[in-house]
Amino acid sequence: MTAVETRKVDRHRRVSRVALFRILAWLMIAAGLSGAANRGTAAELVEAELLFQTGKYAECASLAGQEIDARSYREPWRHWKIRAELAQGQYAEALATLEKALGQYPTSVPLQLLAREVYLYNDREADAAAALEEIDAFVLRAPGRYNSAESRVALGRYFMLRGADAKKVLEQFFDYARKQRPEYIEGWYAAAELALEKYDDQLAAETLAKAPEDAATDPRLHYLRARAFASGDSEEAEKSLAEALRINPRHVDSLLLKADGLIDGEQYEEAERMLQQTLAVNPHEPRAWGYEAVLAHLRNDLEGEKKARDQALAHWKRNPEVDHLIGRKLSQKYRFAEGATYQRRALEFDHLYLPAKVQLSQDLLRLGDEDEGWKLAREVFAIDGYNVVTFNLITLHDQLAGYRTLTGDGIVLRMEARE
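Residues numbered from 1 in each chain as written. Predicted model: local features only at pLDDT ≥ 70, side-chain atom pairs only at ≥ 80, totals over all residues. Heavy atoms only, no water.

## Here we look at the overall build of the protein chain
In terms of helices and strands, the protein chain carries 23 helices and 2 strands. Across the 419 residues in the protein chain, those meeting the buried criterion constitute 49%. By sequence separation, contacts in the protein chain at least 24 residues apart represent 58% of the contacts at least 6 residues apart. On the protein chain, roughly 20,700 Å² of surface is accessible, and the fraction owed to carbon and sulfur atoms is 51%. (Helix = DSSP H or I, 4+ residues; strand = E, 2+ residues; numbered from the N terminus. Buried < 20%, exposed > 50% of the residue type's maximum accessible area, 1.4 Å probe, protein only. Contact = heavy atoms within 4.5 Å. Areas by Shrake-Rupley, 256 points an atom, 1.4 Å probe, with all protein chains shown as cover.)

In structure tokens:
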């Protein structure tokens, strides 16, 4: 992207606090003026959902395509077709489906959010940013139209992308949607994903424990549970991950989570098998290629590492998640300098990508570069006070400020003055 395009994307990503509060206020007013949305769902839509949940993505896309061709005007058919195409790495096909759908439903918040993802995987960052800008415009024009549970969840996710206060998003969007329609599982997933994004695993686990009973047939529930328990209850995490893969052996998120753990345990051949299963579903999955780059690095295969990274960035050339993932896994192998290099690459692609800033701050602190490490931690905390990792880092920094520091022979020792 050119410098002008980059500034345009940044401008689209930032919404003033005034604009955020205006939309929130309008939606609160609209909540008292509008009734519940039409909740009817055709049996065929349930069939599409079941096909998707069990990993039959081609069949799901085919069924949705047939309904669209038969002139069904239900918007969710477009969503299922796009999601199924994305799941298989059919990014150009998903783009074609999306552009037709936008012609029919130009003011749909869920569709505009889906548009952002489709555009990114077709390497059209400016269009992805513009999709969010569209949401700004039509929600302010007619807030009363966006009071259904589906729209609330989509708007909550939109505001998280815009950097809104996480607590406000949770209370005014995700919690609101769950109270309005407790059976709408996306409200529970959105709340749990927000907690996981902020490293609040306990809140994520508590949220998922209250999800509707019929969500037990969805691999996504068990995948999110596995993430929530990963750092505190490995037995429960493994059981949840196994259940997700039992329901859908082609569930990419679960396959990658499994591979992640196998890499931690130095079971590299088994991790490679998980990655090959993932690439059989989506040969372009950037995270899978990111993990391949990690394995190549650990084998000291520099050429293989570069090729895998290039594959990971083939369809979205400035995807910051790729370098963040590679760097995070290298740091977990105590290769902090290499990890920090990758986090800096991620931030070159997107200087607002907070996961990379959080990881880089930790890497730098471990490397002894305390000035920049603490500076980055404070920057993230100023933007995102809900982030558990940076909250703990800032708390630690404040405690260390009261300690005495002794240095000698390359050793730095901090301890309370009385000691």
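## Section: helix H20 (residues 336–349)
The first and last C-alpha atoms of H20 sit 20 Å apart over 14 residues, in line with the 20 Å expected at 1.5 Å per residue. Among all positions of H20, only Phe336, Gly339, Ala340, Tyr342, Gln343, Ala346, Leu347 and Phe349 are buried. Turning to H20, the residues buried within the fold contact helix H18 (302–312), helix H19 (320–332) and helix H21 (354–366). (Expected span 1.5 Å × (residues − 1).)

## Some thoughts on the packing of helix H9 (residues 149–161) against helix H10 (residues 166–180)
The N-to-C vectors of H9 and H10 enclose an angle of 165°; their axes lie 8 Å apart at closest approach. As the angle between them shows, H9 and H10 are arranged roughly antiparallel. Considering only the axes of H9 and H10, their crossing is left-handed. Between H9 and H10, the contacting residues are Ala149, Arg152, Val153, Leu155, Gly156, Arg157, Phe159 and Met160 on the first element and Ala166, Val169, Gln172, Phe173, Phe174, Tyr176, Ala177 and Gln180 on the second. Its residues placed into classes, the contact of H9 with H10 shows 11 nonpolar, 3 polar and 2 charged. (Axes fitted to C-alpha atoms, helices over the stretch in contact; angles between N-to-C directions. Parallel < 35°, antiparallel > 145°, perpendicular 65-115°, else oblique. Left-handed = near helix turned anticlockwise from the far one by under 90°. Nonpolar A, V, L, I, M, F, W, Y, C, P; charged D, E, K, R; others polar.)

## Topic: the nonpolar core
Membership of the largest hydrophobic core comes to 39 residues, with the highest contact counts inside it found for Phe52, Cys60, Trp80, Leu275 and Ile326. Here this core gets 6 residues from one element, more than from any other, and that element is helix H15 (residues 252–264). Once residues within four sequence positions are removed from consideration, Cys60 is found in contact with Ala48, Leu51, Phe52, Trp80 and Ala84. Val109, Phe138, Ala166 and Val169 belong to the second largest nonpolar core, which has 25 residues in total. (Core = buried A, V, L, I, M, F, W, Y, C linked by side-chain atoms within 4.5 Å.)

## A closer look at H18
In an α-helix, one turn spans 3.6 residues; hence positions three or four apart end up facing the same way. Among the residues of H18, those classed as buried are Glu305, Ala308, Arg309 and Ala312. Summarising the axial view, the buried residues of H18 lie within an arc of 100°, below the 170-degree limit, and thus occupy one face. Of the exposed residues in H18, the ones pointing more than 90 degrees away from its buried face are Glu303, Lys306 and Lys307. In this structure, the buried side of H18 is in contact with helix H17 (286–298), H19 and H20. (Arc of directions from axis to C-beta.)

## Digging into the pattern of salt bridges
Where side chains of opposite charge bring their charged atoms close, a pairing between them can arise. Enumeration according to the criterion identifies 29 salt bridges in this entry. Glu125 is paired through a salt bridge with Arg318; the nearest N and O atoms lie 3.6 Å apart. In this pair, Glu125 is assigned in helix H8 (residues 125–141) and Arg318 in the loop between H18 and H19, connecting sequence segments 193 residues apart. One exposure class covers both Glu125 and Arg318, and it is buried. In this structure, Arg220 engages Glu193 in a salt bridge whose closest nitrogen and oxygen atoms are separated by 3.1 Å. Highlighted residues: Arg220 in helix H13 (residues 219–229) and Glu193 in helix H11 (residues 185–197), separated in sequence by 27 residues. A residue is classified by how much of its surface remains accessible, and Arg220, at 18% relative accessible area, is buried. Under the relative-accessibility criterion, Glu193 is labelled partly exposed at 24%. (Salt bridge = Lys/Arg side-chain N within 4 Å of Asp/Glu carboxyl O.)

## Considering the environment of Tyr223
Mapped onto the secondary structure, Tyr223 falls in helix H13. A residue is classified by how much of its surface remains accessible, and Tyr223, at 11% relative accessible area, is buried. Counting along the chain gives 30 residues from Tyr223 to Asp253, while the straight-line C-alpha distance between them is 7.3 Å. Every residue in contact with Tyr223, bar those within four places of it in the chain, is listed here: Ala244, His251, Asp253, Ser254 and Leu257.

## Quick word on unusual backbone geometry
The backbone of Arg71 shows a phi angle near 65°, a positive value even though the residue is not glycine. Examined against the element boundaries, Arg71 turns out to sit in the loop between helix H4 (57–69) and helix H5 (75–87). Positive phi values are uncommon outside glycine, yet Glu266 reaches one of about 60°. Tracing the sequence through the fold places Glu266 in the loop between H15 and helix H16 (268–281). The exposed category is assigned to Glu266, whose relative accessible area is 56%.

## Overview of the environment of Arg225
Here Arg225 is to be found in helix H13. Sequence-wise, Arg225 and Ala244 are 19 residues apart; in three dimensions their C-alpha atoms are separated by 9.6 Å. Residues in contact with Arg225, not counting those within four places in the same chain, are Leu208, Glu236 and Ser240.

## Topic: empty space enclosed by the protein
For the coordinates displayed, the defined rule picks out 2 cavities of 30 Å³ or more. The calculated volume of the second largest cavity comes to roughly 30 Å³. Lining the second largest cavity are Tyr91, Tyr121, His284, Pro286, Gln311, Ala312, His315 and Trp316. Each residue belonging to the lining of the second largest cavity can be placed in one class, and the counts come to 5 nonpolar, 3 polar and no charged. (1 Å grid on protein atoms, 1.4 Å probe; cavity = no way out; pocket = protein on both sides within 12 Å on 5 of 7 lines; lining within 4 Å. Points joined across faces, edges and corners; volume = space filled by probe spheres on them.)

## Some thoughts on the side chain of Ser72
Mapped onto the fold, Ser72 is located in the loop between H4 and H5. Within the structure, the side chain of Ser72 is placed 3.4 Å from the backbone nitrogen of Arg74, a separation counted as a polar contact. Once residues lying within four places of it in the same chain are set aside, the contact partners of Ser72 are Glu67, Trp77 and Arg78. (Polar contact = N/O pair within 3.5 Å; in protein donor to acceptor, adjacent residues only side chain to side chain.)

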